[in-house]
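# Topology and contacts: notes
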Amino acid sequence: MVKTISRFVCQSCGSVFTKWSGRCNQCGNWDSIEEEHTQTALVQKALQEGAKGKQLPFVSLDGDIELKPRTDTNIQELNRVLGGGLVSGAAVLLGGDPGIGKSTLVLQTLASLALSGKKVAYISGEESIEQIRLRAKRLGLEKASVNLMAATNIEKIIASVDALKPLDLLVVDSIQTVSTDTISSAPGTVSQVRTCAHELVRYTKGNDISLVLVGHVTKEGQIAGPKILEHMVDTVLYFEGERGHHFRILRAVKNRFGAANEIGVFEMQTDGLQEVSNPSALFLSDRQADVTGVSVFAGLEGTRPVLIEVQALVTPTTIPTPRRAVVGWDSNRLAMVIAVLQARYGMMFADKEIYLNITGGLKITEPAADLAVAAALISSATNIALPESCVVFGELGLSGEVRMVSQADIRLKEAQKLGFIQGLVPPKCKGGNKSFILHSISHIKDLAALFANSNHKQVA
Ligand code: TYD
Ligand code: MG
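The shown structure was predicted, so the numbers you read here are calculated from the model rather than taken from an experiment.

The environment of ligand 1 is made up of 16 residues, and the closest members are G99, S103, T104, Q269 and G272. The backbone of G101 places a nitrogen or oxygen atom 3.0 Å from an oxygen atom of ligand 1. At 3.3 Å, a side-chain N or O of R138 approaches a nitrogen atom of ligand 1. In isolation ligand 1 has 560 Å² of accessible area, and contact with the protein removes 75% of it. Listed by contribution, the elements that provide at least two residues to the shell around ligand 1 are α3 (102-115), α4 (129-139) and β13 (263-269). Residues of the shell around ligand 1, tallied by class, amount to four nonpolar, seven polar and five charged.

This is the structure:
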């Protein structure tokens, strides 16, 4: 007899409890526990399979390797992030805020593959056929032979996809909207997401189909549903961008078939996402020379150098706890740089408000940006602009020393390519050709001294 078991599952961390409670005592989240039902027959079947256990052979590390073919998506920025293209049989999870352009990106990818003769299918659980057709028309892609279906039932989806075989790419938009009949909880709950993703990954791996799952993100920016979803797939991509900006950054946070942390840059235009092959030029396009409080950071995103403008504004205030507002950088890191400037150089910020902005909507996580932030802060506080056409990078230690960062030569090469002529860099840093001037900054005092001795034009 099929009996239904009831259990209580935390929708945030996936922990299972026998009783409901208001707070999950595993992850500490409030109001995240929901009741879910599973059927005993399915559980028993799984147990029996385990109990019977047939022996499997072991193999050695050294042996034949069958490399899975890669499919070129014809979108170079996407290829770069994927590590060279879609791998057949591999699963990709694409997460991002609502309205950021996930559905647009997958539709453009599907159409691009379809136009190069691949067989592709798009399952949408969020939008109706009409809405997707409208988008395709707007993008001028309505003639691409994409197999389109609006469905949410996983059993029906897999049966329909099976009838289409052989298939090159399957996109499910989104994993939170599909559900299975075997679980009675609502779509989007931990058990539903886990089971459906597992079924899709298992099916596509077995049939050498590339799978792209679109995932929602929570308000903290994580992909909604169990963390296990990220473990289940081969590649996790986040599509990021600031509202009000047109730039979109596609970032690989996990990739079994390529480098993680690689980024692809797009621009959202009225006719879809356009690739940006030279992001540095774009991020610096509105730059004005000789403005105080501004420095250019020579950063590295994955293997790619990117020059980004860092803007700081330091203004006097009478408020006892002055504001520190940060966009695009870690506020703890800003607090650290301020503390180092205060303690190791004596530049006081206690009666000053500080605003820090990374232009272009990019989020920087590299510690190498410390020196660029410090330079922008000193520049704003002293009202002296940085030397002309100058890039900055270096990690700041708590004693005020400046540390070396990785791949300095790649950063300098990019700076030179974009017409910069000098750099404020950590000691022993090499790179760039002879005409590029390197100012070695070994301590925060050296940086401050540079400003003190500057006869560079001041802008009021
Ligand atoms: P969409 O791909 O639906 O986002 P997601 O699937 O991540 O929720 O993108 C929707 C936004 O993109 C919407 O605000 C309109 C904008 N957009 C453009 O600016 N240009 C375009 O060509 C398209 C298709 C969308
Ligand atoms: Mg969408």
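What follows picks up the thread again.
To continue, consider the packing of helix α9 (residues 331-345) against helix α10 (residues 370-382). The N-to-C vectors of α9 and α10 enclose an angle of 60°; their axes lie 10 Å apart at closest approach. The orientation of α9 with respect to α10, classified from their angle, is oblique. Handedness of the crossing formed by α9 with α10: right-handed. On the side of α9, the interface is formed by R333, L334, M336, V337, I338 and L341, while α10 contributes D370, V373, A374, L377 and I378. Of the residues in the contact of α9 with α10, the class split is nine nonpolar, no polar and two charged.

Quick notes on the rules
- Residues numbered from 1 in each chain as written.
- Chains lettered and ligands numbered in written order.
- Predicted model: local features only at pLDDT ≥ 70, side-chain atom pairs only at ≥ 80, totals over all residues.
- Heavy atoms only, no water.
- Near = heavy atom within 4 Å.
- Polar contact = N/O pair within 3.5 Å; in protein donor to acceptor, adjacent residues only side chain to side chain.
- Areas by Shrake-Rupley, 256 points an atom, 1.4 Å probe, with all protein chains shown as cover.
- Helix = DSSP H or I, 4+ residues; strand = E, 2+ residues; numbered from the N terminus.
- Nonpolar A, V, L, I, M, F, W, Y, C, P; charged D, E, K, R; others polar.
- Axes fitted to C-alpha atoms, helices over the stretch in contact; angles between N-to-C directions.
- Parallel < 35°, antiparallel > 145°, perpendicular 65-115°, else oblique.
- Left-handed = near helix turned anticlockwise from the far one by under 90°.
- Contact = heavy atoms within 4.5 Å.

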